[in-house]
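A look at the structure
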Amino acid sequence: AADVYFNIMRNQRKASTIETDIKTLKLLGDINNMQIDLIKSNTIQKLLYDMDKKGCSLSYINKLYTTIGKIFKYAVKENIISENPMDKIVKITRPNDVKNDVIKFWTPTEFNIFINLVDDLQYYTLFNFLYHTGCRKGEALALTWKDIDFHKKTFHINKTCTQQIKGVPFMITPPKTPNSNRTKRMSDKLTAIMQDWYDHCSNLYGFSDDCFVFGTLDRPLPTSNLERHFKKYRGYADGWIQRSNVKIGDLIEVEKGD
């Protein structure tokens, strides 16, 4: 039932959503291989309770709860099963938990310590772009040079990049919501950084404004590479990775409004 459901939903949902649901179902363990009409509510309830006892995050548990619910709802609709066992499930809640609504962010000084240790021009540009614009990773990786207007000092977000899809190296899709389609201004500092990266890329054979800003000419930078490099440079800045040949110079001044 799950395989049939996902095959149908591939034409109705974003690929990233489908892949996330498929990965989430792997948390079911042995239940994932059971015939759907043999899965009872008490089996699912025990799984959720066990995850709660192990200290799994509430969002993690709720994601599994929601994903399982999609499959059983589809199975009932298609008459694969007569009743939905999820109707009897008690959703996990933690009423005594104190919500942490504090948004984690780097101050300009903290970011400057980090960025001064980035010795690769592409990652230096990308990390600056992400920090100063607040764009999502997928939005930044989907950018092509025609989305950048150096004269107006603007960039246009009209797509996002989805990766780690089975059998597909990457997929460019519309942004997450209609409001995500937007044009934003860049500061003078960020414009200069982007211009330096453009000057470098434009000298490569085969370059055109249709090329990705970050990655190779015809393929966006893999998110795994981005995450690995971020972890490495953050490690240098935090001091838990030694880098004897690096000295933190004078911090770069951050322009007001960045």
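Provided above is the structure to which this section pertains.
Definitions and limits used
- Residues numbered from 1 in each chain as written.
- Predicted model: local features only at pLDDT ≥ 70, side-chain atom pairs only at ≥ 80, totals over all residues.
- Heavy atoms only, no water.
- Phe/Tyr/Trp six-rings, centres within 6.5 Å; stacked < 30°, edge-to-face > 60°.
- Buried < 20%, exposed > 50% of the residue type's maximum accessible area, 1.4 Å probe, protein only.
- Helix = DSSP H or I, 4+ residues; strand = E, 2+ residues; numbered from the N terminus.
- Core = buried A, V, L, I, M, F, W, Y, C linked by side-chain atoms within 4.5 Å.
- Contact = heavy atoms within 4.5 Å.

This part covers the packing of aromatic side chains. The way to describe two aromatic rings as a pair is by their centre distance and the angle between their planes. The full count for this structure, using the stated rule, is 18 aromatic pairs. Relative to F111, the ring of W106 lies with its centre 6.4 Å away and its plane at 45°, an arrangement referred to as tilted. According to the relative accessible area criterion, W106 is partly exposed, its value standing at 29%. Measuring from centroid to centroid gives 6.4 Å for F127 and Y233, while their planes differ by 80°, and the two rings are edge-to-face. Here the residue F127 occupies a position in helix 6 (residues 121-133), and Y233 occupies one in helix 9 (residues 223-238), the gap between them amounting to 106 residues. Accessibility classification places F127 together with Y233 in one group, the buried group. In textbook terms, an aromatic cluster arises when at least three aromatic residues are bridged by ring pairs, as seen for W106, F111, F114, Y123, F127, Y131, F230, Y233 and Y236.

For the rest of this paragraph, the subject is the nonpolar core. Core analysis: the biggest nonpolar cluster contains 36 residues, and F129, W145, I148 and M194 have the highest contact counts within it. Where this core is concerned, the elements lending two or more residues are helix 5 (108-115), helix 6, helix 7 (137-142), strand 2 (154-157), helix 8 (188-201) and helix 9. If we skip the residues at most four places from it in the chain, M194 touches T125, F129, W145, I148, F150, M186, V213 and F214. Among the nonpolar cores identified, the runner-up in size contains 20 residues, and I31, I36, L47 and M51 belong to it.

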